[in-house]
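Architecture and fold: a report
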Amino acid sequence: GQQVMQIPQYQHVQEGEDFTTYCNSSTTLSNIQWYKQRPGGHPVFLIQLVKSGEVKKQKRLTFQFGEAKKNSSLHITATQTTDVGTYFCAGGAQKLVFGQGTRLTINP
Amino acid sequence: GAGVSQTPSNKVTEKGKYVELRCDPISGHTALYWYRQSLGQGPEFLIYFQGTGAADDSGLPNDRFFAVRPEGSVSTLKIQRTERGDSAVYLCASSLGTRNEQFFGPGTRLTVL
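Residues numbered from 1 in each chain as written. Chains lettered and ligands numbered in written order. Predicted model: local features only at pLDDT ≥ 70, side-chain atom pairs only at ≥ 80, totals over all residues. Heavy atoms only, no water.

Side note on the overall build of chain A
Applicable threshold: Each helix corresponds to a stretch of at least 4 residues labelled H or I by DSSP, and each strand to a stretch of at least 2 residues labelled E; elements are numbered beginning at the N terminus. This radius of gyration counts C-alpha atoms alone. The globule rule is 2.2 Å times how many residues there are, raised to the power 0.38. We call two residues contacting when some pair of their heavy atoms lies within 4.5 Å.
Within chain A, the regular secondary structure consists of zero helices and eleven strands. In chain A, the order of α-helices and β-strands from amino to carboxyl end is β-β-β-β-β-β-β-β-β-β-β. Computed over C-alpha atoms, the radius of gyration of chain A comes to 13 Å, within 12% of the 13 Å expected from 2.2 N^0.38 for 108 residues, which places it in the range of a compact globule. Dimensions of chain A along its principal axes, counting C-alpha atoms only, are 40 × 25 × 20 Å. In chain A, the proportion of contacts linking residues at least 24 apart, taken out of those at least 6 apart, comes to 53%.

Quick notes on the sheet that holds strand β1 (residues 5-7) of chain B
All names here are of chain B. Test applied: In this analysis, strands are considered paired if DSSP registers two or more bridges between them. Lines fitted to C-alpha atoms define the axes here, with helix axes fitted over just the stretch in contact, and angles between the N-to-C directions of these axes take values from 0 to 180 degrees.
Strands sit in the order β1-β3-β8-β7 across an open sheet of four strands; the sheet is antiparallel. Strand pairing shows two members of the sheet lacking a second neighbour, β1 and β7 (65-68), which therefore form its edges. Direction aside, neighbouring strands of the sheet carry axes that sit 15 degrees apart on average. For β7 and strand β8 (residues 75-79), the ladder comprises four bridges, and the chain directions are antiparallel. Bridge pairing in β8 places Ala67 opposite Leu77.

Topic: the sheet that holds strand β1 (residues 4-7) of chain A
All names here are of chain A. Reading across from one edge, β1-β3-β8-β7-β6 is the order of the five strands in this open sheet, with antiparallel pairing throughout. Strand pairing shows two members of the sheet lacking a second neighbour, β1 and β6 (55-58), which therefore form its edges. Strand-to-strand twist of the sheet, defined as the mean angle between neighbouring strand axes without regard to direction, takes the value 15 degrees. Direction of pairing for β6 relative to strand β7 (residues 61-65): antiparallel, over a ladder of four bridges. The residue bridging Lys57 from the neighbouring strand is Thr62, located in β7.

Here we look at the interface of chain A and chain B
To be explicit about the condition: By convention, the term buried area covers the 1.4 Å-probe accessible surface removed from two parts as they join, with the contributions of both added. Just to be clear on terms, a salt bridge is a Lys or Arg side-chain nitrogen sitting within 4 Å of an Asp or Glu carboxyl oxygen. What qualifies as a polar contact is a pair of N or O atoms within 3.5 Å, subject to a donor-acceptor requirement within protein and to the restriction that residues adjacent in sequence count only when both atoms come from side chains.
At the interface, 16 residues of chain A touch 20 residues of chain B. Together, the buried faces of chain A and chain B total about 1,500 Å²; carbon and sulfur atoms form 53% of this surface. The largest share of the area that chain A buries against chain B comes from A:His42, A:Gln94 and A:Lys95, three residues that together contribute 36% of it. Applying the counting criterion to the chain A and chain B interface returns zero salt bridges. For the pair chain A and chain B, the interface holds four residue pairs in polar contact (both at pLDDT 80 or more). Contributions of two or more residues to the side of chain A that touches chain B are made by β4 (32-37) and β5 (44-49) of chain A.

And the structure:
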């Protein structure tokens, strides 16, 4: 079945440093979604990418979908303490297959 | 309601018992999903409904797990003869259509002793 891998599993940065998480799928994806889960919270939708090579920005967050639609990345510029949490990518149409997430911690 | 609600928030039960977990989706959302999340892992798909029918139940681990959505709104996930390995957070999500963003509820933390 479809598998979605994310790296790194953990990332610790100093506040103000950049952060990137990478997502790779074993199969071509129709779309990819990104979610953020704060400690003790539930996943919250960030964005959906559909087109090959698509790039979307939300303030300090930049999302990319690979040309082959098998990989994606999330880059955060100049992290802030509010960015703490686990970032998940998820592929699929109805049945989302989630990666294992990248847990981001920040030293203020 | 403002968002997806789930009850109970916590459920502790003994091995072998039967449990029901309830999900109340956002009003008007036709698609409803159940996921299971273990510590340190991403949500794992269990089943999704489009309206009243289960459109894909391929994620249900075995026949002890069953879910219903009789009126196309509230859904109940039912687990028979619970096992310790069933302990996890059970998340419900809903969406306007099956290709839209999914809105997650706060989850039910199930502990099987």
